[in-house]
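Examining the three-dimensional arrangement
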Amino acid sequence: MDLHDPEWPVIRHMDPVLVPGDRWYRTESRAFFATRAATWDVKFGSDLPAYASAIAESGLVVGGTAVDVGCGTGRALPALRAAVGPAGTVLGADHTPQMLAEASVRARQNGAFLMLADVRHLPLPGRSVDAVFAAGLLNHLPNPANGLRELARITRPGGRLVLFHPSGRAVLAARHGRRLRDDEPLAEPVLRVSTAETGWELLRYEDGPSRFYAVAVRG
Ligand SMILES: C[S@@+](CC[C@H](N)C(=O)[O-])C[C@H]1O[C@@H](n2cnc3c(N)ncnc32)[C@H](O)[C@@H]1O
């Protein structure tokens, strides 16, 4: 990797459209987040300590490889670097270029690589990472189980999946003006089944007002 390459540290890997209807999903999702990228940190910057404490208590392996999927502006990258230490590897993946542009400063400061990639089809070998961190991602995937399956593919047995949001589901639903539903991807019974069916075992589930935090281990 050439640190003087102006393109560094973004690795571009957008796969072709995966299934019919995907082009619509990708276009809509990117357009939604593209318009929010520049002000994301201004709006949500005060959440950073919550990211740091969630990652610090997730038992990431020092010297290991951690990937932040749907990394957005890279808010988790400093905490992931702190968790894996200087010898570890930190990666961020997102399919919205404007989000990665915002993330690039944090990526450089924390020696993290950024990938322009769809988290449902990552340019990473099987069993190559020790920990996957996903904040605010799962609800945005058209088929969350497919996303979990791909995250399981890249994670070594015993590796961790951390699902996080700096507010709980009820607070978020109220903020979005909708009712909390028990068939949502992050509802405990739903998540328990979808993780079990995709190669994960759910170890911890917390959905209080101040955060959503779930940890699963790769079987
Ligand atoms: C709610 S934002 C969260 C961003 C960041 N994790 C945070 O906590 O600030 C969701 C992010 O996931 C990205 N995303 C959504 N679907 C994706 C997909 N299929 N592949 C890659 N990134 C995706 C969006 O571009 C957006 O940056």
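Look up a bit, the structure's there.
Here the structure is a predicted model, which is why all the values come from computation and not from measurement.

What counts and how
Residues numbered from 1 in each chain as written. Predicted model: local features only at pLDDT ≥ 70, side-chain atom pairs only at ≥ 80, totals over all residues. Pairing = 2+ DSSP bridges. Helix = DSSP H or I, 4+ residues; strand = E, 2+ residues; numbered from the N terminus. Axes fitted to C-alpha atoms, helices over the stretch in contact; angles between N-to-C directions. Near = placed C-beta within 6 Å. Nonpolar A, V, L, I, M, F, W, Y, C, P; charged D, E, K, R; others polar. Core = buried A, V, L, I, M, F, W, Y, C linked by C-beta atoms within 7 Å. Buried ≥ 20, exposed ≤ 12 C-beta atoms within 10 Å, placed from the backbone. Contact = placed C-beta atoms within 7 Å. Parallel < 35°, antiparallel > 145°, perpendicular 65-115°, else oblique. Left-handed = near helix turned anticlockwise from the far one by under 90°.

1. Some details on the sheet that holds strand β3 (residues 89–94)
Sheet strands associate in pairs through backbone hydrogen bonding, adopting either a parallel or an antiparallel arrangement. The mixed open sheet is built from 8 strands, whose spatial order is β1-β4-β3-β2-β5-β6-β8-β7. Of all strands in the sheet, those bounded by a partner on one side alone are β1 (10–13) and β7 (200–207). Between one strand axis and the next, the sheet turns by 20 degrees as a mean value, whatever way the strands run. With 3 bridges joining them, strand β2 (residues 65–69) and strand β5 (residues 129–135) adopt parallel strand pairing. Pairing of D68 across the sheet is with F133, part of β5.

2. Describing the site of the ligand
Neighbouring the ligand are 20 residues, the closest being G70, G72, T96, A135 and G136. Within the shell around the ligand, the residues separate by chemical class into 8 nonpolar, 8 polar and 4 charged.

3. A look at the nonpolar core
A66, L80 and F133 are the most contacted members of the largest nonpolar core, which has 53 residues in total. Of all the elements, β5 adds the most residues to this core, at 6 residues. Once residues lying within four places of it in the same chain are set aside, the contact partners of L80 are I55, A66, D68, V90 and F133.

4. So, the packing of helix α3 (residues 48–56) against helix α4 (residues 77–84)
Running from amino to carboxyl end, α3 crosses α4 at an angle of 25 degrees, the nearest separation of the two axes being 9 Å. The angle between α3 and α4 places the two elements in the roughly parallel class. Between α3 and α4 the crossing geometry is right-handed. Between α3 and α4, the residues in contact are Y51, A52, I55 and A56 and A79, L80 and A83, respectively. Split by residue class, the contact of α3 with α4 holds 7 nonpolar, no polar and no charged.

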